[in-house]
4 protein chains.
Amino acid sequence: MAAQLINESTKGVFVICPTPFLDDGGLDLDSVDRLVDFYLEKGVSGFTILGLLGEATKLTPDESRSVMARYLARIDGARPVIVGASNPGTDNLVRFANDAMDAGAAGVMVAPLPGLKTDDQVYAYWETVLSRLGPDIPVCYQDYPQTTTVVTSVAVLHRLIDAFPNLVMLKHEESPGLTKITRLRERSDTGEGRRISILVGNGGLHLPQELRRGVDGAMTGFAYPEMLVAVCDRFFAGDAEGAEDVFDAYLPILRHEQQLGFGFAVRKEILRRRGAIATAHVRHPGPKLSPRDLQELDELLARLDRALAG
Amino acid sequence: MAAQLINESTKGVFVICPTPFLDDGGLDLDSVDRLVDFYLEKGVSGFTILGLLGEATKLTPDESRSVMARYLARIDGARPVIVGASNPGTDNLVRFANDAMDAGAAGVMVAPLPGLKTDDQVYAYWETVLSRLGPDIPVCYQDYPQTTTVVTSVAVLHRLIDAFPNLVMLKHEESPGLTKITRLRERSDTGEGRRISILVGNGGLHLPQELRRGVDGAMTGFAYPEMLVAVCDRFFAGDAEGAEDVFDAYLPILRHEQQLGFGFAVRKEILRRRGAIATAHVRHPGPKLSPRDLQELDELLARLDRALAG
Amino acid sequence: MAAQLINESTKGVFVICPTPFLDDGGLDLDSVDRLVDFYLEKGVSGFTILGLLGEATKLTPDESRSVMARYLARIDGARPVIVGASNPGTDNLVRFANDAMDAGAAGVMVAPLPGLKTDDQVYAYWETVLSRLGPDIPVCYQDYPQTTTVVTSVAVLHRLIDAFPNLVMLKHEESPGLTKITRLRERSDTGEGRRISILVGNGGLHLPQELRRGVDGAMTGFAYPEMLVAVCDRFFAGDAEGAEDVFDAYLPILRHEQQLGFGFAVRKEILRRRGAIATAHVRHPGPKLSPRDLQELDELLARLDRALAG
Amino acid sequence: MAAQLINESTKGVFVICPTPFLDDGGLDLDSVDRLVDFYLEKGVSGFTILGLLGEATKLTPDESRSVMARYLARIDGARPVIVGASNPGTDNLVRFANDAMDAGAAGVMVAPLPGLKTDDQVYAYWETVLSRLGPDIPVCYQDYPQTTTVVTSVAVLHRLIDAFPNLVMLKHEESPGLTKITRLRERSDTGEGRRISILVGNGGLHLPQELRRGVDGAMTGFAYPEMLVAVCDRFFAGDAEGAEDVFDAYLPILRHEQQLGFGFAVRKEILRRRGAIATAHVRHPGPKLSPRDLQELDELLARLDRALAG
């Protein structure tokens with residue numbers, strides 16, 4: 001099936017996908033299939049693979065290609081797939097992005113290189129990257145200073161949006177970041193600049209507020225994507241309060257999963273418990289849950305069950 | 001009334017107090033009285049003043065003394081008062097800590113100096129500070145790497161607990177930090193080391209889980225301290241699930257207020273709306289709420305009202 | 001004697017002055033007199049007090065005023081004196097800056113608040129600070145990301161130079177930073193913007209190259225200010241190579257003293273050996289030289305003596 | 001020829017090698033041969049490839065293997081070759097390290113993963129890495145906090161030295177770092193722990209002082225390795241002052257080349273001028289020299305020529 005490309009109007013919930021491993025650390029491609037089916041059943045609008053949660057930097061190049069191929073094959077055009085392409089070297093970044101597009105990706109996600117400081121440094125990096133990717137590769141800007149250390153100003157985003165039509169989406173993860181959304185939307189609302197898609201990350205921790213400020217959905221790996229889907233659906237159907245009611249029921253587990261690093265292991269464990277992957281293995285270096293952590297998770301999940309039942 | 005000193009068994013909710021200002025930026029000492037009455041009415045176990053939320057670094061030394069004197073006078077021994085004493089110079093730190101104790105403080109809170117890196121560097125700093133403060137000044141260790149950049153290992157805490165009896169309390173704000181609590185408690189539970197009081201910060205974002213792992217309460221400035229009090233009371237009465245039910249109702253506003261920097265202004269604004277302070281003024285440099293931010297807060301507080309009513 | 005204010009044309013060597021202490025940590029105001037005489041005898045063009053080397057953050061407000069008064073009294077208008085006024089609170093910053101000017105300072109030096117990230121954040125901070133200081137207080141911008149973490153772009157400096165005539169001087173300490181000098185000078189050379197004074201820091205580690213790129217001198221605490229004076233004098237007299245010959249003789253000790261933190265103690269020790277201060281005491285927290293460090297310094301200073309004799 | 005493995009007694013100058021590129025960014029393997037011949041003619045004791053200067057993170061895996069193969073083939077056992085093996089994923093790290101050893105490397109160099117904070121975190125990372133590399137792969141610990149942000153305490157190094165015989169060498173680049181050398185040597189001198197080889201980095205900026213404190217040589221990419229060789233030779237022959245005389249002549253250019261980031265381009269440009277590589281191309285993202293930078297380099301190199309002639 002022909003790939004659907006992402007664009008400035010892309011909406012909904014793009015789920016950030018883990019890379020499933022076997023207990024011995026090898027790739028578990030069967031679990032890729034299970035994950036895809038699980039996510040499709042939960043109603044996601046799209047997929048994002050080979051990002052941080054995908055442990056992309058711990059894969060060999062061959063493994064990356066295998067994981068990408070398997071995801072693309074199983075999804076089979078049913079939904080757009082964004083592929084993480086960040087790379088310390090721009091040649092490698094561009095080569096892999098082109099490979100991904102050739103394989104059927106809907107676009108690529110790139111984060112700015114750690115260490116960039118001033119507005120001009122951030123802009124110059126993207127000027128090269130977006131130019132070299134070229135007009136045919138739609139790009140999602142991963143704006144995640146908590147891991148990259150790069151703080152991207154609204155002014156830089158405006159300059160890039162004006163100069164590069166292939167910049168079509170922002171994965172918004174700066175935190176606190178509500179005002180940033182408002183400032184971006186104010187500019188496009190007044191016609192001063194192009195409107196791009198904004199999907200929020202950080203597990204969706206502030207999703208209801210972010211929707212009210214004008215985002216188009218979420219791109220995150222929260223292990224209950226059906227909640228994110230329901231929240232977005234209700235919100236876009238005009239029921240902001242109903243959306244937030246759904247959200248609040250899941251908030252205790254969401255804020256638990258949202259702990260940086262540690263929450264990564266929580267997320268894989270929940271996906272395992274939900275049957276979406278065979279094991280919760282994380283490659284070294286990475287977090288591991290202790291028996292005490294697992295017991296705590298039991299308690300939290302039992303509370304979630306009661307809340308959903310109640 | 002004689003001051004009550006904090007010690008290893010101190011429990012409950014110590015509220016982190018803001019410093020109230022007038023709209024012109026001057027001290028609003030009348031609001032100190034209102035705040036004290038407000039907090040006492042909400043049932044707090046103690047007070048912590050002149051910390052980050054107290055904008056201590058933006059006060060003149062004379063203002064610091066005025067604020068401290070007013071808090072101590074109004075509280076008048078009804079509850080213990082911890083005074084923030086962090087300082088880039090150790091002479092100043094020790095002098096101010098002694099002044100605070102002489103004025104009736106129950107102990108002082110100190111954070112490690114930004115820039116300390118290795119275990120030995122962190123230990124050496126505290127070795128000097130705790131020695132110079134001496135055995136008669138009970139110390140609360142503010143462990144808040146998000147603002148200090150100093151990550152304190154469990155090993156360093158164990159060494160300090162063994163060496164310095166005046167280290168009686170940990171304000172635990174490392175995040176993620178659940179495992180740190182468990183490791184500290186495991187050691188004292190097995191009798192390998194002294195047990196100290198642990199009160200958690202970060203707005204109480206993970207308070208139910210932290211209580212289950214053995215903390216003694218919270219020390220934070222969440223603008224609804226009655227929730228923290230109710231959660232601790234229920235938990236210590238044996239009703240962990242009931243405690244968490246109370247907590248969950250407030251979680252949406254808590255996680256909104258918990259945004260670093262921005263949330264500081266949210267907190268003062270809620271306290272103003274609740275009548276605890278006259279204005280939400282924050283001294284420069286500091287965050288300010290926009291009309292859009294205030295509208296968002298209206299919505300969130302309306303939801304809280306409905307949740308509490310429901 | 002009437003104070004000389006610094007301005008856009010200020011040139012030469014402004015020496016960054018330590019605060020001398022007694023061995024018991026108390027102020028040593030007699031050594032302030034000795035230091036002033038020492039520096040005047042070495043031919044400095046001006047003084048900068050109460051900066052990092054002045055351990056300003058470890059002084060009480062009363063001590064700061066005493067140190068400032070003693071420096072100003074001994075210098076007695078013979079040279080301009082810049083006073084460090086950085087402060088986490090803007091009210092305190094402005095109050096102290098006005099006090100310093102009233103006492104006879106030639107201007108104040110301010111560094112941007114740690115934690116500022118984007119161009120707009122840096123600009124907004126300075127907009128408030130420079131506005132509130134007002135047109136009558138000449139300001140030196142301390143651009144020292146190694147300690148503040150704030151990287152100031154050339155674009156922000158241009159905006160500030162255009163908007164605030166009281167910004168008259170840059171203490172340039174970003175490293176690497178040669179290109180920054182060239183970009184600043186290119187703009188004023190072509191008449192696009194106002195030219196301000198640029199004095200370089202970092203011990204003067206790249207002073208000959210910086211002079212060739214257009215700076216007006218140095219503002220640093222290198223313990224042999226006569227070298228900096230000679231280098232600038234020769235360079236401005238047209239003898240760039242001769243200036244660099246003088247520089248190179250001192251480079252081994254300069255690069256030794258230029259070690260961040262550690263070099264601070266080296267500098268005070270050299271000043272002590274040269275008779276400029278009574279003891280090399282640094283207040284806690286601060287670096288201390290071990291016997292091995294002192295022996296190493298013996299060797300390096302012996303080499304310097306031989307080089308100067310040869 | 002059989003590979004020589006590095007060990008605790010390895011001494012001398014290991015040169016950090018760049019990866020030469022063509023002007024179009026492709027690999028320039030012919031220049032690898034020229035570089036090897038150049039370095040051998042300058043008398044280096046060994047080579048280190050695929051490190052930071054080798055732009056390892058910007059190569060494809062195939063390119064890495066090509067570069068390694070070409071270096072190993074040209075050196076042909078004449079000198080030991082250390083191969084950089086740092087990797088965000090430990091599986092990839094171990095696999096590549098084994099490949100390198102199979103290809104004829106003398107050992108691997110690994111830096112700790114960025115983000116590690118406490119002593120226990122640093123130790124735990126290395127415990128896994130050194131265990132998995134196993135006893136047959138000699139490891140050089142790259143201790144370079146300026147780029148990794150990881151500060152390794154002396155205590156952690158002692159623990160690792162005691163536990164892992166395959167840790168045979170420290171590439172010492174913490175700065176300031178003279179005391180760290182002394183503390184490491186004091187322990188092995190008193191027989192409390194195993195003595196490992198210490199080679200210093202940072203361009204050799206403090207090499208004479210570091211040799212006097214007990215290091216075994218340098219591992220750095222300074223573009224005049226013959227100076228490093230001469231300094232080490234004279235020092236180990238008992239002529240410490242003569243060694244430092246040689247050093248001081250090159251110090252002006254060394255401190256210019258030692259500027260982080262920028263100096264990387266200076267280094268490649270000097271190697272190009274010396275005929276060691278065909279072009280100074282650096283892959284994106286990376287520093288570039290402007291005409292003004294090149295003119296400055298002309299002046300500095302002319303001064304060096306005069307100093308060496310004089």
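Residues numbered from 1 in each chain as written. Chains lettered and ligands numbered in written order. Predicted model: local features only at pLDDT ≥ 70, side-chain atom pairs only at ≥ 80, totals over all residues. Heavy atoms only, no water.

As annotated in an unreviewed UniProt entry, chain A is Dihydrodipicolinate synthase family protein from Aurantimonas aggregata. Among the UniProt annotations of chain A, the heading Sequence similarities (unreviewed entry) holds the following wording: "Belongs to the DapA family." (UniProt positions renumbered as here; feature names shortened; annotations may be inferred.)

S.K.: Any details on the overall build of chain A? Residues and values, ideally.
M.R.: Along its length, chain A carries 12 helices and 8 strands. Relative to the globule expectation of 19 Å for 310 residues, the C-alpha radius of gyration of chain A, 19 Å, shows essentially globular dimensions. Here the C-alpha coordinates of chain A stretch approximately 50 × 45 × 40 Å along the principal axes. Among the 310 residues that make up chain A, the fraction classed as buried is 63%. Residue pairs at least 24 apart in sequence account for 73% of intrachain contacts in chain A once pairs closer than 6 positions are excluded. (Helix = DSSP H or I, 4+ residues; strand = E, 2+ residues; numbered from the N terminus. Rg over C-alpha atoms; globule rule 2.2 N^0.38 Å. Buried < 20%, exposed > 50% of the residue type's maximum accessible area, 1.4 Å probe, protein only. Contact = heavy atoms within 4.5 Å.)

S.K.: Could you give an account of the relation of the copies chain C and chain B, naming the residues involved and the relevant values?
M.R.: With an axial shift of 0.0 Å and an RMSD of 0.0 Å, the rotation relating chain C to chain B amounts to 180 degrees. On the angle and the small slide along the axis, the relation comes out as a two-fold axis. Residue Pro-61 of chain C, judged by its C-alpha, is the member of chain C lying nearest the rotation axis, at 3.9 Å. When the interface residues of chain C are mapped onto chain B, 100% of them are again interface residues, pointing to one common binding face. (Least-squares fit on C-alpha atoms with pLDDT ≥ 70 in both.)

S.K.: Lay out the interface of chain C and chain B in plain terms, naming residues and giving numbers.
M.R.: Counting residues at the interface gives 18 residues for chain C and 18 residues for chain B. At the boundary of chain C and chain B, one finds 2 salt bridges. Linking chain C to chain B there are 8 residue pairs in polar contact (both at pLDDT 80 or more). Counting residues per element, the ones that place at least two in the side of chain C that touches chain B are helix H3 (90–103) and helix H4 (119–133) of chain C. The leading source of residues in the side of chain C that touches chain B is H3 of chain C, at 4 residues. Residues of the side of chain C that touches chain B, tallied by class, amount to 6 nonpolar, 8 polar and 4 charged. (Salt bridge = Lys/Arg side-chain N within 4 Å of Asp/Glu carboxyl O. Polar contact = N/O pair within 3.5 Å; in protein donor to acceptor, adjacent residues only side chain to side chain. Nonpolar A, V, L, I, M, F, W, Y, C, P; charged D, E, K, R; others polar.)

S.K.: I'd like a rundown of the sheet that holds strand S1 (residues 12–16) of chain A, residues and numbers included.
M.R.: Residue and element names in this part refer to chain A. Strand order in this closed barrel of 8 strands is S1-S2-S3-S4-S5-S6-S7-S8, and the pairing throughout is parallel. Averaged over all adjacent pairs, the angle separating strand axes in this sheet is 25 degrees, with direction ignored. Pairing analysis gives 3 bridges linking strand S3 (residues 81–84) to strand S4 (residues 107–110), with the strands arranged parallel. Within S4, the residue paired with Val-83 across the bridge is Val-108. With respect to the sheet, helix H3 (residues 90–103) is in contact with S3 and S4, its orientation differing from that of S4 by roughly 150 degrees. (Pairing = 2+ DSSP bridges. Axes fitted to C-alpha atoms, helices over the stretch in contact; angles between N-to-C directions.)

S.K.: Just give me the short version of the confidence of the model for chain A, but keep the residues and values in it.
M.R.: For chain A, mean pLDDT is 97; residues scoring 70 or higher make up 99% of the total. Predicted as a complex, the structure gets a pTM of 0.97 and an ipTM equal to 0.97. (pLDDT = per-residue confidence, 0-100.)

S.K.: Lay out the pairing of strand S7 (residues 197–200) of chain C with the relevant residues and their values.
M.R.: Residue and element names in this part refer to chain C. With burial as the criterion, each face of S7 is covered, one bearing Ser-197 and Leu-199 and the other bearing Ile-198 and Val-200. Where the polypeptide runs from strand S6 (residues 167–172) across helix H7 (residues 178–189) and back to S7, its parallel neighbour, the crossover connection is right-handed. By the bridge criterion, 2 bridges tie S7 to strand S8 (residues 217–220) in an arrangement that is parallel. By the bridge assignment, Val-200 is partnered in S8 with Ala-218. Taking the sense of rotation as the criterion, the β-α-β connection linking S7, helix H8 (residues 207–212) and S8 turns out right-handed. (Right-handed = clockwise from strand over helix to strand, strands pointing away.)

S.K.: Please provide a residue-by-residue account of the nonpolar core, values included.
M.R.: Trp-126 and Ile-253 of chain A together with Trp-126 and Ile-253 of chain B are the most contacted members of the largest nonpolar core, which totals 181 residues. Take this core: its biggest share by element is 8 residues, from helix H10 (residues 240–257) of chain A. With sequence-adjacent residues up to four places away left out, Trp-126 of chain A is seen in contact with Val-110, Ala-111, Pro-112, Ser-131, Val-139, Tyr-141 and Leu-160 of chain A. Ranked by size, the runner-up nonpolar core spans 178 residues in total, among them Val-81 and Ile-161 of chain C together with Leu-35 and Met-227 of chain D. (Core = buried A, V, L, I, M, F, W, Y, C linked by side-chain atoms within 4.5 Å.)

S.K.: Requested: an account of the UniProt feature "binding site: pyruvate" (unreviewed entry) in chain A, with residues and values cited.
M.R.: In this numbering, the UniProt entry assigns the feature "binding site: pyruvate" (unreviewed entry) to Met-219 of chain A. Residues in contact with Met-219 of chain A, not counting those within four places in the same chain, are Phe-14, Ile-16, Thr-48, Ile-82, Met-109, Cys-140, Met-169, Lys-171, Leu-199, Val-200 and Gly-201 of chain A.

S.K.: Any details on the relation of the copies chain A and chain B? Residues and values, ideally.
M.R.: Superposition of chain A onto chain B requires a rotation of 180 degrees combined with a translation of 0.0 Å along the rotation axis, giving an RMSD of 0.0 Å. Comparing interface residues between copies, 100% of those in chain A also lie at the interface in chain B; the contact surface is shared.

S.K.: Describe the packing of aromatic side chains, naming the residues involved and giving the relevant values.
M.R.: Two numbers describe a pair of aromatic rings. These are the distance of the centres and the angle of the planes. Scanning the entire structure with this criterion turns up 32 aromatic pairs over all chains. Ring centres 5.6 Å apart and planes at 50 degrees place the aromatic pair Phe-222 of chain B and Tyr-224 of chain B in the tilted group. The exposure classification of Phe-222 of chain B matches that of Tyr-224 of chain B, with both residues buried. Ring centres of Phe-222 of chain B and Tyr-250 of chain B lie 6.4 Å apart, and the angle between their planes is 90 degrees; this geometry places the pair in the edge-to-face category. Taken as a pair, Phe-222 of chain B in the loop between strand S8 (217–220) and helix H9 (225–236) and Tyr-250 of chain B in helix H10 (residues 240–257) lie far apart in primary sequence, 28 residues in all. The pair formed by Phe-222 of chain B and Tyr-250 of chain B is uniform in burial state, with each residue classed as buried. Three or more aromatic residues link up through ring pairs in this structure, and these residues are Phe-38, Tyr-39 and Phe-47 of chain A. The cationic tip of Lys-11 of chain D hangs over the ring face of Phe-236 of chain D; the distance from NZ or CZ to the ring centre is 3.7 Å. (Phe/Tyr/Trp six-rings, centres within 6.5 Å; stacked < 30°, edge-to-face > 60°. Lys NZ or Arg CZ within 6 Å of the ring centre and 35° of its normal.)

S.K.: Tell me about unusual backbone geometry, residues and numbers included.
M.R.: Following Ser-175 of chain A, the chain continues to Pro-176 of chain A via a peptide bond in cis, the omega torsion being 0 degrees. Looking at where Pro-176 of chain A falls in the secondary structure, it is placed in the loop between strand S6 (167–172) and helix H7 (178–189). Of note in the backbone geometry, Asp-76 of chain C takes a positive phi value of approximately 50 degrees without being a glycine. Judged by its relative accessible area of 45%, Asp-76 of chain C is partly exposed. Non-glycine residue Thr-149 of chain C carries a positive phi angle of around 70 degrees. Turning to its location among the elements, Thr-149 of chain C is positioned in the loop between helix H5 (145–148) and helix H6 (154–163). A relative accessible area of 47% places Thr-149 of chain C in the partly exposed class.

S.K.: Any chance you could break down the interface of chain A and chain B for me, citing the residues and the numbers?
M.R.: Each partner contributes to the interface: chain A provides 30 residues, whereas chain B provides 30 residues. Interface area for chain A against chain B, summed over the two sides, is near 2700 Å², with a carbon-plus-sulfur share of 47%. At the junction of chain A and chain B, the tally comes to 16 salt bridges. For Arg-303 of chain B, the salt bridge is made with Glu-241 of chain A, and the minimal N-O distance between the two is 2.7 Å. Summed over the shared surface of chain A and chain B, the result is 20 residue pairs in polar contact (both at pLDDT 80 or more). Broken down by secondary-structure element, the contributors of at least two residues to the side of chain A that touches chain B are H7, helix H8 (207–212), H10 and helix H12 (291–309) of chain A. For the side of chain A that touches chain B, the element with the highest residue contribution is H10 of chain A, accounting for 9 residues. Class assignment of the residues belonging to the side of chain A that touches chain B gives a composition of 10 nonpolar, 7 polar and 13 charged. (Buried area = accessible area lost by both parts, 1.4 Å probe.)

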